[in-house]
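# Structural characterization, general
In case you want the letters, here they are:
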Amino acid sequence: MTVVTTRPTIWTVLKWALAILIALIALFPIWWMVNVVFSMPGEPVSLNPRLWPTSLSAGIEKIRVIFTETEYLRAYGISLIYAVLTIAGVLTFGSLAAFEFSLFDFPGRRILFGIILLSLMVPTAVTIIPTYLLTSQLGWLNTMHGLVVPGLASAFGLFMLVQFMRAVPKDMIEAARLDGASHFQIYWHIALPLCRNAMVTLAILTFMQTWGNYMWPLIVSSKPQLYTVGQVVGLFNSPLSHQTVDMVMTANLLAAIPPLLFFLIFQRKIVEGVAMSGTKG
Amino acid sequence: MSLRRHLPHYMMIAPFMVLFAAFFLYPIISGFFYSFHDWNGARPPEYVGVANYTKILHSRDFATAMGNLAVYIAITVPLGILVALGLALLVDSFTGRWANFFRNAYFMPVVLPAFLAATIWRWIYAPNFGLLNVALGWFGLGSINFLNNSSTMLYSLIAVDVWVSAGFNMVILLAGLKNIPTELYEAARLDGANKWQQIVHITVPMLAPVLFFVVTYSLISAMQVFDKPWLLTGSSFTSYGGRRNALLFPVMDMMGRAFGGVKFGEAAAYGFLLTLAIVTVTALMFALRSWSARK
Amino acid sequence: MKTLSILRSGAVGLATLAATSFNSMALAQDVALQYWVYSDFAQGDALAMQEEFVKEFTASHPGVTIEIVGKGDDDLTAGQVAGAASGTLPDVFMNSQSVGAQLVEVGALANIYEKWMAMPAEYRAQFDESALNACMPRPSELYCLPYTGFGSLLFRNLTVLEKAGIDPTPPTTWDEWLGQMKKIKEAGFYAVPDQTAVFNSIAEIYATTGSADSWGFNWDTKTTKIDPANMTKVLAKFVELVPLNSGTSRNDQATKDLFISDQLAFHTIGPWVNPTYAEAAKASGLKYDFVLIPGDTAGKTGGIRSYEMVGVAPGPNADVAFEFAAFLTEKAQMARWAKLLSRYNANAAAMADPDVSALPLIRVSVDAAHGAMDVAAPYFIGSVPSCYNSTVIDIASATADGEYTPEAGAAEMITKLNECLAE
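Values in this document were obtained by computation on a predicted structure and should not be read as measured data. (Residues numbered from 1 in each chain as written. Chains lettered and ligands numbered in written order. Predicted model: local features only at pLDDT ≥ 70, side-chain atom pairs only at ≥ 80, totals over all residues.)

## Some details on the overall build of chain C
The number of helices and strands found in chain C is 21 helices and 11 strands. Here the C-alpha atoms of chain C give a radius of gyration of 22 Å, agreeing with the 22 Å that 2.2 N^0.38 yields for 423 residues. Split into buried and exposed, the 423 residues of chain C put 57% on the buried side. Long-range pairs, those at least 24 residues apart, make up 73% of the contacts in chain C between residues at least 6 apart in sequence. (Helix = DSSP H or I, 4+ residues; strand = E, 2+ residues; numbered from the N terminus. Rg over C-alpha atoms; globule rule 2.2 N^0.38 Å. Buried ≥ 20, exposed ≤ 12 C-beta atoms within 10 Å, placed from the backbone. Contact = placed C-beta atoms within 7 Å.)

## Topic: the interface of chain C and chain B
How large an interface is tends to be reported as the accessible area lost when its parts come together. On the side of chain B, 24 residues touch chain C, which itself brings 29 residues to the contact. Those elements giving two or more residues to the side of chain C that touches chain B turn out to be helix H4 (73-86), helix H5 (100-105) and helix H20 (386-400) of chain C.

## Considerations on unusual backbone geometry
Residues and elements named next belong to chain C. Cis geometry marks the peptide bond from Ala 377 to Pro 378; its omega dihedral reads -10°. Tracing the chain through its elements places Pro 378 in the loop between strand E11 (373-374) and H20. Positive phi values are uncommon outside glycine, yet Ser 140 reaches one of about 60°. Residue classification places Ser 140 among the exposed positions, given that 9 C-beta atoms sit within 10 Å.

## Re the interface of chain B and chain A
Across the contact, 72 residues belong to chain B and 65 residues belong to chain A. When residues of the side of chain B that touches chain A are assigned to their parent elements, the largest contribution, 18 residues, is made by helix H1 (residues 2-34) of chain B. By residue class, the composition of the side of chain B that touches chain A is 54 nonpolar, 17 polar and 1 charged. (Nonpolar A, V, L, I, M, F, W, Y, C, P; charged D, E, K, R; others polar.)

## Some details on the pairing of strand E1 (residues 31-38) of chain C
Residues and elements named next belong to chain C. Counting buried positions along E1 yields 6 of 8 residues, so the element is predominantly enclosed. Direction of pairing for E1 relative to strand E2 (residues 64-71): parallel, over a ladder of 8 bridges. Bridging from a neighbouring strand, Tyr 35 pairs with Ile 68 of E2. Read from E1 through helix H3 (residues 44-60) to E2, the crossover connection turns out right-handed. The pairing of E1 with strand E3 (residues 92-96) spans 2 bridges and is classified as parallel. The residue of E3 that forms the bridge with Tyr 35 is Val 92. (Pairing = 2+ DSSP bridges. Right-handed = clockwise from strand over helix to strand, strands pointing away.)

## Observations regarding helix H19 (residues 360-371) of chain C
Residues and elements named next belong to chain C. In this model H19 runs 17 Å from its N-terminal to its C-terminal C-alpha over 12 residues, within 8% of the 16 Å that 1.5 Å per residue would give. When H19 is considered as a whole, its buried residues turn out to be Ile 362, Ser 365, Ala 368, Ala 369 and Gly 371. Buried-residue contacts for H19 involve strand E4 (145-151), strand E5 (153-157), strand E10 (304-312), helix H16 (331-341), helix H17 (348-352) and helix H18 (354-357). (Expected span 1.5 Å × (residues − 1).)

## Concerning the domain arrangement of chain C
All names here are of chain C. Here chain C is partitioned into domain 1 (2-149 + 306-374) and domain 2 (153-304 + 379-422). For domain 1 and domain 2, the distance between their C-alpha centres works out to 30 Å. On the domain 2 side, the residues contacting the 23 residues of domain 1 number 20 residues. When residues of the side of domain 1 that touches domain 2 are traced back to their parent elements, those giving at least two are H5, H19 and E11. A total of 6 residues in the side of domain 1 that touches domain 2 trace back to one element, the largest contributor, which is H19. (Domains from an automatic or database assignment.)

## Section: the sheet that holds E5 of chain C
All names here are of chain C. Strand order in the open sheet formed by 3 strands is E8-E5-E9, and the pairing between neighbours is antiparallel. The outermost strands of the open sheet, each flanked by one partner alone, are strand E8 (266-269) and strand E9 (288-291). In this sheet, adjacent strand axes meet at a mean angle of 25° when their direction is disregarded. (Axes fitted to C-alpha atoms, helices over the stretch in contact; angles between N-to-C directions.)

Written out as structure tokens, the structure reads:
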């Protein structure tokens, strides 16, 4: 839909200026944080507004201190396992259920789906304490399954997959059934491959959500062996901390590295996926 | 037998439904039960009828939190979507590599964990020498205390909010834009419509379904706003909401009552009042959609 | 009784400790204690020393293992409240006395009075009396052993004072201090942080006029003890400070930054900022010192006092947990702890140790703590509703904004505080 003009008009110049300005607003805060990390310790932020990094070695030293003196690397591992298991569970259980809710009719379908949709509107803060108590009654406190399992039945994930699976042509399913395919085989060989993109999207959104999740890990895993990255950063962010500003910033920045890398590597898939989640809805 | 015919369906939804019942439905129901009890988690709950609800409805903080929420939503949702739409149109007017670059740049803040965004912005907003105030100084403007002046705090939060969420909504709207057939624009151009008229008469109506999704989703998440104001105000369970409660929101108040005041029953009641508000707003949105569809 | 002999020997030395521990073998049972500490104490040198304490204790208590768990300030309380609901409490923990009442209410904190009384008199005599009293809401109820603590200090940026032409002798009265602040403003610097921004800095200034007698709560009548005349004077002080302050709160990272970059002259806060300032002194030549906060009259000290505590959870491990808590707060450990961190603590005997009292930060802290006002006393009786602190902050800042006169503000504050406590 772009009108391609041969010579730059005032509008084209303005457009570029605006686009670049917004890109600066979006990216500069992240860049600024990198600069705070890569500068001499104890140097006040206000004397040098940190438009560029001033000391590479000091930044590396801070990162080294954090990696060696805290359990940051283990927390990376825990957060990663937590995210991967959650993604696997959300996709498996969500897609199985979405297959039924979107393509078939059976007694109770509408009411069950309605209840699931309603639950989307209950803030997580409402359920966190009863869920915690249940988890503890099951003896799952301080375990990986205690961290993961309560988050697996994602109503949001189900809702999203249902929207996509509705597009699976009914006659393909009928044809497969006439060929003698079992119910599960239809799911596995027809429905799943057709909504691969949706699954990728959901995986990505789940990753971002689990990585940033703070409250649930905080109360479920009270032992440091199971601290997630968010919890380790929380140790630095406490208001009466003895840590200096730049150490706090370093700890924070390190937490953002995996999602940023993840984004840079999979940017096309992520952007397409997020886009789809909205337009198919 | 109908049960046998339907059995495969139930088997397939069973894993999800069991987990859903255990970890969503049961907590919601038990939360509802506790909302009628005085309960601190340790002692057995004591039935108090609707006392928790009346207490909250009469508390000053609830009124403040709901008032803040109303203003916040009234600004942040339309503004956020307008900005996202503007960004989508802007990115859409580029092609190839540059379109990709700008799209990715605008999306970047979405990827950051909330605590990180809040930490960065606390510094940017710092009075006198924070980046933003330094920039204002270049234009000869005085320093503004963004996060500690009750008349600017809400807008400071909204700016962070838009910064974080605009990229997300932009990407969704961008995909919506790509789905609009180009013939429509060509036809309009032949009719002599200018760029602005094209946006108003073609882009926005054609985007309506996508916009509806974005608006509803933004509304539901805005009503549950918690971590950004909590972190921007440096809140703790004993003291939260910032100067003169200018950034007090319902979920914050609820968490404070639960973990600061150890009143789980009261917190649960609070949660259901908020849920009621969310359900009402969402229902209104759907009613609005079917009303406008009929028109 | 064997455990007592171990504790008594603590002061004598580690050698004796190891010897007596041999006898206690018979009592040995397999116990795993959860020991929650502030996140700062679970990092670096502080962690190393905590681990050392644990090693010494477990060496004399075979079968006991102790796991140190670091938590951020707020997360300690959230974790304990959640743990109380599910019956998975930390056996020994640090926390602030000001959340003590909540912890008692949910059953996370045991009354250790009897165990305490069973300790030898010379052990009990080691503690600072007022700190200990703060753990005892009523006779025969003791909910904690006081641990590290602080009295607010006045950190002064000497470069700013010099540039503003101020004599570096510490101010002795509020008026003198205010005069200095005005000169600092005239010289183009910030005098203090915004003292109305957080509860503790309001309390610090209140203490320049009032004292613990007119602060805190009367739980019997559910009223505030704040005195209207004092509060009026204090609110008037906040109005005077408006043009002088930096707009950042006492706790903001940005406040420390202003101080380090020679923009801010005074910072009233506890000793925990000292590591940051010491580092800045090394890195960028910051010149600073710390003195007492002057009160209205010469000899009166402003500022607040508060202690962190070591508490013990009720339950089967409570006996061993108490032994460990008693070991931690015992003079030998507290002196080593104080030396390492330069932090004041509640063990008066340890503070009197010549090596400890020679540390400048501790020397000033001892005086500061004695002159200061308890920030939220009495503790362990009622949990302070969240509206209390927020009302104090709201009205102090509204008065500073000019919405109330100091008299009207004080009257309004007290009315609202009483409403809040009555709820």
